[in-house]
Amino acid sequence: MRLTAVVVLAFAAAFAQDAPRSADSPDLGVVQKIRDEAFQNSKVMETLWYISDVHGPRLTASPGFDDAAAWALERLSGYGLQNVHKEKWGPFGRSWALHAYSLEMLEPRYSLLNAVPLAWSGNTSGPINGDAVYAPFIQPQSRMDLAKYQEALDKYEQQYRGKLRGRIVLLSKKEDIDPLSKVLFQRYTEQELADMAKAPEPREKVEVDVNHLVFPDDPKDAREYMMSLPASVREALYEKRSELIGKRNEFLRNEGVAAVLTADQRAHEGMVFAEQSGPYQAKYPVAPPIFIVTGEQYDRMARLADKHIPVRLRVNLDATMSKDSVDTYNLIGEIPGTTKPDEVVMVGAHFDSWHAGTGATDNGAGSAVMIEVMRILKALDLKMDRTVRIALWSGEEEGLLGSKAYVKEHFGDPATMKVTEAHAKLSGYFNLDNGSGKIRGVYLQDNVAMRPLFERWLAPFHDLGVSTISIRDTGGTDHLSFDAVGLPGFQFIQDPLDYGTITHHSSMDTYDHAQAADLIQCAAVIASVVYDTANRHEMLPRKPLPKAETKPAVAAGGQP
């Protein structure tokens, strides 16, 4: 190469370094600092260890949640965040704390059973012995076909009234367990990510008469039908279904059952998946002691009892439950902005969990990552125009309750679409809640204008597998609370790993199933995106403000 060419290239390189970045392009110098801090000085697994191993399960409004929350607030303050506090909301429902439990089969042969009580179950008042009775409650194939659920409940009450006193009821229908054939641990393939990046095929909007809902019998079709309904209708149906489960539990308690055992299609190979026994609100009667039992052991008892071979059990459940509904809280902390401190960028994850495991992947992982994001930004002393705020939510597992309360208090009410002044000051919200898999991209939540921004901001992380931008919506977590009032809210695409097959709501949701390298990557990606959002000249683009959705009343037959 001639000397003149070398000089020209050197001059061009120097000019490129000094040239101003184009609008919305990431500052690669800052990206490098964030990656170095995230990869070389990570505290994310240490944070997760404290949340999950030390403090354990964090059921909303429980002492376990309180202890973990106190530790998290101290952690945030120790990292130098300001305005670190609990922000109360409520009323939530009853508090419930588990102290001791056991389930044993005494006859025909002794066996210590693998079981977990469902949350908000009542006590046994000490160990009790009782005979099992196989009395399955046959639910409709579609869980949300409430008219059929009511019919099934009426039939059940008629069939078993006066026959259950003092018995331990096997409530689920026995089912053969298929040999395990699905992949337990999975990362997205390039083809799967490419398919995810494609927009869904346009469909003609199907008008739904909310006064005459007809659910398909096929479970998959029924789920699609359910998701086609307005959010307000879905919420009303969920509440009505909870009420019907409360009626079922009230019937069982009034009949004098000693306890109730249930199975779950997810619970096999020694795993137990445990959520709630029924409504957690104080206006409903307390459920009898209800346990979920791993499938193989449940089916053995059901087969024996169904053949009239005596099955004698010993049950013990010691839990503390409040009589009345209690308030609870979210956790908040901030890094104040420099030139636009009244404008805010939010990151968040739900801090609560179920109680069978230690809530490591759902969602200690997301909480640990977001705490780590704040640590990185503060440790690097990055100057950010806007305030960056972290929120760790409670009540997510019961229906996004903590984030809904926060959004309603600070930004707007989706029922009326009356928004506050702060609504105009929130640039966007970023959420993490799909296990411990690394980030592969982001869901745009149908916000087309965000595509070019994410394309630029995620480009420096293509070498870490972050490349997919999907126009699709994704549900089931707290970004929906922001999206419901027209605020930009996003959930990242994550590798599924074993989240949907093993850990989600199960006794295996423990620290051992968290992937360190993946969570470190998540923290780096989100910290960079947050930095870009906080320093963008304009706030993030928004979709049109949604229409107000008043929640309809649902009649006894399950129709709004």
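Presented here is a report on the structure given in the accompanying data block. All values derive from a computational prediction rather than experimental measurement. (Residues numbered from 1 in each chain as written. Predicted model: local features only at pLDDT ≥ 70, side-chain atom pairs only at ≥ 80, totals over all residues. Heavy atoms only, no water.)

A short note on the overall build of the protein
What counts, and what does not: In this description a helix means any DSSP run of H or I spanning at least four residues, a strand means any run of E spanning at least two, and both kinds are numbered starting from the N terminus. Radius of gyration means the value over C-alpha atoms here, while the globule rule gives 2.2 Å times the residue count to the 0.38 power. Exposure classes here rest on a 1.4 Å probe applied to the protein chains alone. A residue is buried below 20% of its type maximum, exposed above 50%, and partly exposed in between. For every accessible area listed, the method is Shrake-Rupley and the probe measures 1.4 Å; residues are considered covered only by the protein chains on display. Think of it this way: Lys and Arg go in the positive column, Asp and Glu in the negative one, and His and the chain ends go nowhere. To locate a charge, take atom NZ for lysine, CZ for arginine, CG for aspartate or CD for glutamate.
When its secondary structure is counted, the protein shows 15 helices and 18 strands. Against the 2.2 N^0.38 benchmark of 24 Å for 560 residues, the protein shows a C-alpha radius of gyration of 26 Å, consistent with a compact globule. The principal-axis extents of the C-alpha atoms in the protein amount to approximately 95 × 50 × 45 Å. By residue count, 53% of the 560 residues in the protein fall in the buried class. Accessible surface, the protein: about 25,100 Å² in total, of which carbon and sulfur atoms supply 52%. Within the protein, the 75 negative side-chain charges are centred at a point lying 2 Å from the centre of the 61 positive side-chain charges.

Some points on the sheet that holds strand β1 (residues 82-93)
Put simply, the rule reads: Following DSSP output, two strands are said to pair if at least two bridges run between them. Inter-axis angles, ranging from 0 to 180 degrees, are taken between N-to-C directions of lines fitted to C-alpha atoms, where helices are fitted over the stretch in contact.
Strand order across the open sheet formed by eight strands is β1-β10-β12-β11-β15-β18-β16-β17, with mixed pairing between neighbours. Each edge of the open sheet is held by one strand with a lone partner, namely β1 and β17 (468-470). Direction aside, neighbouring strands of the sheet carry axes that sit 25 degrees apart on average. Note that strand β11 (residues 340-350) and strand β12 (residues 386-393) share eight bridges and pair parallel. Bridge pairing in β12 places Val345 opposite Val388.

Notes on helix α10 (residues 360-379)
Owing to its 3.6 residues per turn, the α-helix brings residues three or four apart onto one side. Put simply, the test is: To estimate the expected span of a helix, count its residues, drop one, and scale the result by 1.5 Å.
With 20 residues, α10 ought to run about 28 Å at 1.5 Å a step, yet its terminal C-alpha atoms sit only 25 Å apart, falling short of that. With 18 of 20 residues buried, α10 is to be regarded as a mostly interior element.

Focus on the pairing of strand β10 (residues 326-335)
Counted residue by residue, β10 has eight buried out of 10 residues, so it is predominantly covered. Sheet topology places β1 next to β10; seven bridges connect them, and they run antiparallel. Looking at β10, one finds that Gly93 is bridged to Val326.

Considering unusual backbone geometry
Between Gly90 and the following residue, Pro91, the backbone shows a cis peptide bond with an omega angle of 0 degrees. One can find Pro91 in strand β1. Here the bond from Asp362 into Asn363 is cis, since omega is 0 degrees, no more than 30 degrees from zero. Turning to its location among the elements, Asn363 is positioned in helix α10. For Asp381, which is not a glycine, the phi torsion comes out positive at approximately 55 degrees. Its place among the elements puts Asp381 in the loop between α10 and β12. The class of Asp381 is partly exposed, set by a relative accessible area of 48%. Located in the positive-phi region is Met417, a residue other than glycine, with phi close to 60 degrees.

Re the sheet that holds strand β5 (residues 128-134)
Taken together, eight strands build an open sheet; the order of strands is β3-β2-β9-β5-β6-β7-β8-β4 and the sheet is mixed. Whereas interior strands pair on both sides, the edge strands pair on one side only; in this sheet they are β3 (111-112) and β4 (115-117). One ladder, built from three bridges, connects β5 with strand β6 (residues 168-170); its direction is parallel. Bridge pairing in β6 places Ala132 opposite Ile168.

Here's the deal with the environment of Phe351
Quick reminder of the rule: Contact criterion: two residues are considered in contact whenever any of their non-hydrogen atoms come within 4.5 Å of each other.
Examined against the element boundaries, Phe351 turns out to sit in the loop between β11 and α10. Here Phe351 falls in the buried class, since its relative accessible area comes to 1%. Along the primary structure Phe351 and Asp53 are separated by 298 residues, whereas in three dimensions their C-alpha atoms are 14 Å apart. Discounting residues that sit within four places of it in the chain, Phe351 has contacts with Ile51, Arg58, Phe65, Ala68, Ala69, Ala72, Leu331, Ser367, Leu392 and Trp393.

Things to note about the packing of helix α2 (residues 28-40) against helix α15 (residues 516-535)
So the rule is basically this: Any angle that falls under 35 degrees is termed roughly parallel, while one over 145 is termed roughly antiparallel, one within 65 to 115 roughly perpendicular, and all others oblique. Left-handed is the label given to a crossing in which the near helix is rotated counterclockwise from the far helix by less than a right angle, and right-handed is the label when the rotation is clockwise. Throughout, the ten residues Ala, Val, Leu, Ile, Met, Phe, Trp, Tyr, Cys and Pro are labelled nonpolar, Asp, Glu, Lys and Arg are labelled charged, and all others, Gly among them, are labelled polar.
Direction vectors running N to C along α2 and α15 enclose 150 degrees, while the axes themselves pass 9 Å from each other. It follows from the interaxial angle that α2 and α15 lie roughly antiparallel. The handedness of the crossing between α2 and α15 comes out as right-handed. Residue-level inspection shows Val30, Val31, Ile34, Ala38 and Phe39 of α2 in contact with α15, the latter providing Ile520, Gln521, Ala524, Ala527, Ser528 and Tyr531. In terms of residue class, the contact of α2 with α15 is built from nine nonpolar, two polar and no charged.

Digging into the pairing of β11
For the record, the criterion: When the strands point away from the viewer, a crossover counts as right-handed if the path from the first strand over the helix to the second runs clockwise.
Extensive coverage of β11 is indicated by the burial of eight of its 11 residues. The β-α-β motif built from β11, the intervening α10 and the parallel element β12 has right-handed crossover chirality. Examined bridge by bridge, β11 and strand β15 (residues 426-431) share five bridges and lie parallel to one another. Paired with Val347 across the strands is Phe430, a residue of β15.

Details of the packing of aromatic side chains
Just so we agree on the cut-off: Note on aromatic pairs: the rings of Phe, Tyr and Trp (six-membered ring only in Trp) are paired at centre separations within 6.5 Å, and the planes decide the class, stacked below 30 degrees, edge-to-face beyond 60, tilted for the rest.
Within the structure shown, the criterion is met by 26 aromatic pairs. With a centroid separation of 5.5 Å and an interplanar angle of 45 degrees, the aromatic rings of Trp120 and Tyr280 are classed as tilted. One end of the pair, Trp120, is in the loop between β4 and β5; the other, Tyr280, is in the loop between β7 (259-262) and β8 (290-293), with 160 residues separating them in the sequence. Like Trp120, the residue Tyr280 is buried in the burial classification.

Some remarks on the side chain of His479
Summarising the element assignment, His479 is placed in helix α13 (residues 479-483). For His479, a relative accessible area of 0% translates into the label buried. Setting aside residues no more than four positions away along its own chain, His479 makes contact with Tyr429, Asn431, Gln445, Thr474, Gly489, Phe490 and Gln491.

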